[in-house]
Amino acid sequence: MWAAELSCIFILFGVTAGGGGWEPLGQPYFDNSTKREATAAVGQPAYLHCRVRNLADRAVSWIRKRDLHILTVGVHTYSSDARFAALHADGSDEWTLRVAPAQPRDSGVYECQVSTEPKISLSFRLTVVVSKAEILSGPELFVRAGSDINLTCVAKHAPDPPSFIYWYRGEQVVNYAQRGGISVETEQRTRTSRLLIARAAPHDSGNYTCAPSSSESASVIVHVLSGERPAAMQSSGPPLPRISPTVLATAATASTVHRRRPWLPVTISILIYQLTSVFIVMFIFFTNVVIQFFINKTLGYPNFRSSR
């Protein structure tokens, strides 16, 4: 009883309860229960919801705070950027700003403004993130024939769990009826989808794409090979050049000299070894010539000269 009487008193004095406090009767006020921070993925629509109670004949506008640009007034758009639009249902207290598709430059603060005197406004923050799917196996996957193809896709940084995650092979959605042994498990809470193809055959090779509803897609090239060792897993590149045994011997000797005399640079060590080798070869050659000369003189062998 006393509550009804108290309510009548407030009405007589021109105040009423609403939005967590007492507001002047007939004056618009914001419903602060609405969410004032929103996150959207690049390329997806972004929404900011402003709820105004007791609006009467006043107008609701959306203002971009960084440049004070008027985006919408009522349901009319006052921006040359057609991505901005105001959404409002007749009889509803909610005025929604839609940005579609959202871009990173749209991140920032927006104001929901009511044309009272003086004006009242409420700030909202929009964050636009780059949400891109990732296939955990990397850009390429090599599988032996008869093994399973197991692909895991994660929709990273997605503001909301994707409503669906499709798998494609080339341009076509993976066809479960085409062959047996294909299964997909999608967990919206963890934003994860797993594609399993049992007993893979070479014709299962191809470009597989994971496409979540709220993220950019990701692809992997799968190679199903029948050989024991996939060619791509073997060492590739030009063969190593063959090294002459003489060069190896020279390098080994120079290394020995360098270890015995660390104050000598390696290049000088190699040069000394080469000069020593040349000297030894010349010494042996001239020694053989001298010995041959004395043998010829001693034994009286004639000189072999060409005669006419």
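Residues numbered from 1 in each chain as written. Predicted model: local features only at pLDDT ≥ 70, side-chain atom pairs only at ≥ 80, totals over all residues. Heavy atoms only, no water.

Novice: Tell me what's going on with the sheet that holds strand E9 (residues 84-87), and back it up with residues and numbers.
Specialist: Taking strand neighbours across the sheet as the criterion, the four strands line up as E3-E5-E10-E9 in an open arrangement whose pairing is antiparallel. Only two strands of the sheet have a single partner each, and these edge strands are strand E3 (29-30) and E9. (Pairing = 2+ DSSP bridges. Helix = DSSP H or I, 4+ residues; strand = E, 2+ residues; numbered from the N terminus.)

Novice: Explain the pairing of strand E16 (residues 165-169) to me, and be specific about the residues and the numbers.
Specialist: Pairing of E16 with strand E20 (residues 206-212), which is carried by five bridges, proceeds in the antiparallel orientation. Its bridge partner lying in E20, tyrosine 168 is registered against threonine 209. In this structure, E16 lies alongside strand E17 (residues 172-173), joined through two bridges in antiparallel fashion. Pairing of arginine 169 across the sheet is with glutamine 172, part of E17. Between E16 and E17, which pair antiparallel one after the other, the connecting turn spans two residues, and glycine 170 there sits at a positive phi close to 70 degrees.

Novice: Outline the layout of surface pockets, listing residues and values.
Specialist: Of the volumes computed, that of the largest pocket is approximately 380 Å³. What lines the largest pocket is a set of 17 residues, and nearest its centre among them are Ala38, Thr39, Ala40, Tyr47 and Asp160. Residue contributions to the lining of the largest pocket peak at five residues, all from strand E4 (residues 37-41). Across the lining of the largest pocket, the residue classes break down as nine nonpolar, five polar and three charged. Quantified by volume, the second largest pocket comes out at close to 210 Å³. (1 Å grid on protein atoms, 1.4 Å probe; cavity = no way out; pocket = protein on both sides within 12 Å on 5 of 7 lines; lining within 4 Å. Points joined across faces, edges and corners; volume = space filled by probe spheres on them. Nonpolar A, V, L, I, M, F, W, Y, C, P; charged D, E, K, R; others polar.)

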